Amino acid sequence: MTHALTGTRHGERIPGDRIGITDVAAAYGIEAILRRVDQLRADGQWFAAHAIEAELSAAGFGTPTAELRTPA
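Draft legend 1. Main features of the overall build of the protein. Each helix and strand counted, the protein has three helices and zero strands in total. Going from the N terminus to the C terminus, the protein shows its helices and strands as α-α-α. Buried residues in the protein amount to 21% of all 72 residues. Taking the intrachain contacts of the protein between residues at least 6 apart in sequence as the baseline, contacts between residues at least 24 apart amount to 36%. Summed over its atoms, the accessible surface of the protein is roughly 5,100 Å², and 57% of this surface lies on carbon and sulfur atoms.

In structure tokens, the structure reads:
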């Protein structure tokens, strides 16, 4: 079976291979990414949350992240 994100069997990684935020968004959706950023912030992982937000912005998903959220 081929892994959805890496394209390799059983999720094996090719050295130096890295999936991008657009791959994650395509596989799981932007809302899942935003929930993860919120979870990282709640856990005090500010650097990781900021890194994901910066990658979202660089990929053209917008900034700040709040603009991406759908109204409740």
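Next comes the rest of the account.
Draft legend 2. Main features of the packing of helix H2 (residues 30-42) against helix H3 (residues 46-58). Viewed as axis vectors pointing N to C, H2 and H3 meet at an angle of 155°, and their least axial separation amounts to 7 Å. What the angle tells us is that H2 and H3 run roughly antiparallel. Here H2 runs over H3; the crossing is left-handed. Residue-level inspection shows Ile 30, Ile 33, Leu 34, Val 37, Leu 40 and Arg 41 of H2 in contact with H3, the latter providing Trp 46, Ala 48, Ala 49, Ile 52, Glu 53 and Leu 56.

Draft legend 3. Layout of the nonpolar core. One finds Ile 21, Ala 25, Ile 33, Leu 34 and Leu 56 forming the largest nonpolar core, which totals five residues. Only helix H1 (21-28) and H2 provide two or more residues apiece to this core.

Draft legend 4. A look at H2. In a regular helix each residue adds 1.5 Å, so 13 residues correspond to 18 Å; H2 covers 19 Å between its end C-alpha atoms and thus fits that length. Taken together, the buried positions of H2 are Ile 33, Leu 34, Val 37 and Leu 40. Down the axis of H2, the sector holding all buried residues measures 115°, keeping them to one side. Residues of H2 that are exposed and point over 90 degrees away from its buried face: Arg 35 and Ala 42.

Cut-offs and rules
- Residues numbered from 1 in each chain as written.
- Predicted model: local features only at pLDDT ≥ 70, side-chain atom pairs only at ≥ 80, totals over all residues.
- Heavy atoms only, no water.
- Helix = DSSP H or I, 4+ residues; strand = E, 2+ residues; numbered from the N terminus.
- Buried < 20%, exposed > 50% of the residue type's maximum accessible area, 1.4 Å probe, protein only.
- Contact = heavy atoms within 4.5 Å.
- Areas by Shrake-Rupley, 256 points an atom, 1.4 Å probe, with all protein chains shown as cover.
- Axes fitted to C-alpha atoms, helices over the stretch in contact; angles between N-to-C directions.
- Parallel < 35°, antiparallel > 145°, perpendicular 65-115°, else oblique.
- Left-handed = near helix turned anticlockwise from the far one by under 90°.
- Core = buried A, V, L, I, M, F, W, Y, C linked by side-chain atoms within 4.5 Å.
- Expected span 1.5 Å × (residues − 1).
- Arc of directions from axis to C-beta.

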